[in-house]
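Coordinate inspection notes
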Amino acid sequence: MMHVSLRQLRTFEAVARLKSFSRAAEEMHVTQPTVSKQIRLLHEEVGLPLLEQIGKKVFLTEAGKHLYATCADWLETWGRFEQTVADLKGVKQGRLRIAAVTTTKYFMPRTLGPFCAQYPGIDIALEVVNRDRLLERLMRNQDDLYIMGVPPEGLEIESEPFLENPLVVLAPISHPMAQRKRIRFAELADEPFIVRERGSGTRLTIERVFKEHGLPLKVRMELGSNEAIKQAVAGGLGLALLSKSTLSLESSPQEIAILNVAGFPIVRYWYVVRPHGKQLSVVANTFLEFLRSHLQLLSPRRDSKTDGPRTI
Ligand code: PGA
């Protein structure tokens, strides 16, 4: 009979999933030596090597692969038990695990503020990752709820829109198009664009929009962060198509303009998603209700029509 702790399994699952001791330590908010110690104890108990480190890369051994598959089931079962206990103890307490795409960082933490104030007994773990990593988490059923802009097709999910997510075209304020009142979409095909990394929902959307218009997208540069893209736009490297949410914390308002492109802003939505048939905990249901009832509060103000370039 092996004596393995839940903590060791959680640590192993994180290292195996992230393929890195340091990233696992970061995710679990512990030091790297703590992660190494948990893995060593687990190795000793199992009596076979589970992980191999070659250079900086971590690989799973045969035994490690079996344990990784088993871990997901154990952790989910245990999570359900913890939630049942929390539900039995009283309605509004326990842990809420939300995974949200990168671009939601402009409003999700703010949304959580009033929710936490209203339900101080609920402890929230918010995981912010890009769309592809979020879908991996969804397929592994790692969180209670998922927030994203482009729900996947072909997966058994339930999704509910809860907030507008307009998409805008950004240019440096000095760009000749920034002065124009009406720009045809086709004109954008001549402009270089700064785009998000593959796997991002924003990237997927810009590619779809150009495809729908039957026009090529000229990629000048690919960057993994909305903030970096705005800096590149301000620096004159190209245009960008981003969610308007990314502008809400703009610190240097005079450097970027929203272009008046026909058909823009494209109105899309932020969705709260869960696997179809997932038994939501009381805490997750409470949050869902909170999102629904705060729609009005959260809705961004609509733009009034402007004549010149709209600066942010
Ligand atoms: P992203 O997702 O942050 O991965 O680009 C945004 C979206 O889905 O609209």
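These remarks concern the structure in this document. (Residues numbered from 1 in each chain as written. Predicted model: local features only at pLDDT ≥ 70, side-chain atom pairs only at ≥ 80, totals over all residues. Heavy atoms only, no water.)

**Side note on the layout of surface pockets**
- Considering only enclosed or pocket space, the largest pocket measures out at about 1300 Å³ in volume.
- Sorting the residues of the lining of the largest pocket by element identifies helix H1 (6–18), helix H2 (21–28), helix H4 (62–89), strand E3 (94–101), strand E4 (122–129) and helix H6 (131–139) as the ones contributing at least two each.
- If you tally residues by element for the lining of the largest pocket, the top one is H4, at 13 residues.
- Residue classes in the lining of the largest pocket are distributed as 13 nonpolar, nine polar and 20 charged.
- Counting contributing residues, the lining of the largest pocket receives three or more from each of domain 1 (6–85) and domain 2 (91–163 + 269–297). (1 Å grid on protein atoms, 1.4 Å probe; cavity = no way out; pocket = protein on both sides within 12 Å on 5 of 7 lines; lining within 4 Å. Points joined across faces, edges and corners; volume = space filled by probe spheres on them. Helix = DSSP H or I, 4+ residues; strand = E, 2+ residues; numbered from the N terminus. Nonpolar A, V, L, I, M, F, W, Y, C, P; charged D, E, K, R; others polar. Domains from an automatic or database assignment.)

**Looking at the site of the ligand**
- Residues in close proximity to the ligand total 14 residues, the closest being Thr103, Ser200, Gly201, Thr202 and Arg268.
- One of the backbone nitrogen or oxygen atoms of glycine 149 is found 3.2 Å away from an oxygen atom of the ligand.
- Protein coverage of the free-state accessible area of the ligand, which is 280 Å², stands at 100%.
- According to the grid-proximity analysis, the pocket containing the ligand is the largest cavity.
- Inspection of the shell around the ligand shows a minimum of three residues originating in each of domain 2 (91–163 + 269–297) and domain 3 (166–267 + 306–311). (Near = heavy atom within 4 Å. Polar contact = N/O pair within 3.5 Å; in protein donor to acceptor, adjacent residues only side chain to side chain. Areas by Shrake-Rupley, 256 points an atom, 1.4 Å probe, with all protein chains shown as cover. Sits in = over half its atoms within 2 Å of the grid points.)

**Quick look at the packing of aromatic side chains**
- Inspection of every chain in the model, using the stated rule, returns 10 aromatic pairs.
- Both rings, one in phenylalanine 287 and one in phenylalanine 290, keep their centres 6.3 Å apart while their planes meet at 15°; by these two values the pair is stacked. One end of the pair, phenylalanine 287, and the other, phenylalanine 290, are both in helix H9 (residues 282–293), three residues apart, so they sit about a helical turn from each other.
- Relative accessible area serves as the criterion here: at 0%, phenylalanine 287 is assigned to the buried category.
- On the accessibility criterion, phenylalanine 290 (4% relative accessible area) is buried.
- Through pairs of rings, three or more aromatic residues link up here, namely Phe115, Tyr119, Phe287 and Phe290. (Phe/Tyr/Trp six-rings, centres within 6.5 Å; stacked < 30°, edge-to-face > 60°. Buried < 20%, exposed > 50% of the residue type's maximum accessible area, 1.4 Å probe, protein only.)

**Structural notes on unusual backbone geometry**
- Cis geometry is found at the peptide bond from phenylalanine 264 to proline 265, where omega equals -5°.
- Checked against the element boundaries, proline 265 lands in the loop between strand E11 (256–258) and strand E12 (269–275).
- Positive phi, close to 55°, is recorded for lysine 19, a residue that is not glycine.
- Looking at the secondary structure, you find lysine 19 in the loop between H1 and H2.
- Unusually for a residue other than glycine, histidine 29 sits at a positive phi of about 55°.
- By the secondary structure assignment, histidine 29 is in the loop between H2 and helix H3 (32–46).

**Looking at empty space enclosed by the protein**
- Overall, the coordinates contain one cavity of 30 Å³ or more when judged by the stated rule.
- Computed from the structure, the largest cavity encloses a volume of approximately 100 Å³.
- In this structure, the largest cavity is lined by 16 residues; those nearest its centre are Val101, Thr103, Gly201, Thr202 and Trp270.
- Residue-level mapping places the lining of the largest cavity at the junction of two domains, with at least three residues from each of domain 2 (91–163 + 269–297) and domain 3 (166–267 + 306–311).

**As for the pairing of strand E7 (residues 167–172)**
- With six of its six residues buried, E7 lies for the most part within the structure.
- In E7, alternate side chains face the same way, and those of Leu167, Val169 and Ala171 on one face and Val168, Leu170 and Pro172 on the other are all buried.
- Bridge count for E7 against E11 is three bridges, and the pairing is antiparallel. Across the sheet, residue proline 172 finds its bridge partner in E11, namely isoleucine 256. (Pairing = 2+ DSSP bridges.)

**A word on the nonpolar core**
- Counting 32 residues, the largest nonpolar core has Leu96, Met108, Ile147, Met148, Phe162 and Phe287 as the members making the most contacts within it.
- For this core, the elements supplying multiple residues, two or more each, are E3, helix H5 (108–118), E4, H6, strand E5 (145–148), strand E6 (157–164), E12 and H9.
- By residue number, the principal contributor to this core is H9, which donates six residues.
- The contacts of methionine 108, once residues within four sequence positions are left out, are Ile98, Ala100, Leu126, Ile147 and Phe287.
- If you look at the next biggest cluster of nonpolar residues, it comprises 19 residues, including Leu188, Val195, Val209 and Val261. (Core = buried A, V, L, I, M, F, W, Y, C linked by side-chain atoms within 4.5 Å. Contact = heavy atoms within 4.5 Å.)

**A few points about H3**
- Taking 1.5 Å per residue as the helical rise, H3 with its 15 residues ought to reach 21 Å, and the 21 Å between its terminal C-alpha atoms agrees with that figure.
- Among the residues making up H3, those that are buried are Val35, Gln38, Ile39 and Leu42. Seen from one end, H3 has its buried residues packed into an arc of 95°, which puts them on one side. In H3, those exposed residues whose orientation departs by more than 90 degrees from the buried face are Pro33 and Glu44. (Expected span 1.5 Å × (residues − 1). Arc of directions from axis to C-beta.)

**As for the environment of glutamate 207**
- Inspection of the secondary structure assignment puts glutamate 207 in helix H7 (residues 201–212).
- The spatial distance from the C-alpha of glutamate 207 to the C-alpha of leucine 217 is 7.2 Å, given a sequence separation of 10 residues.
- Apart from residues no more than four positions distant in its own chain, glutamate 207 is found in contact with Arg198 and Leu217.

That is the geometry; function is a separate question.
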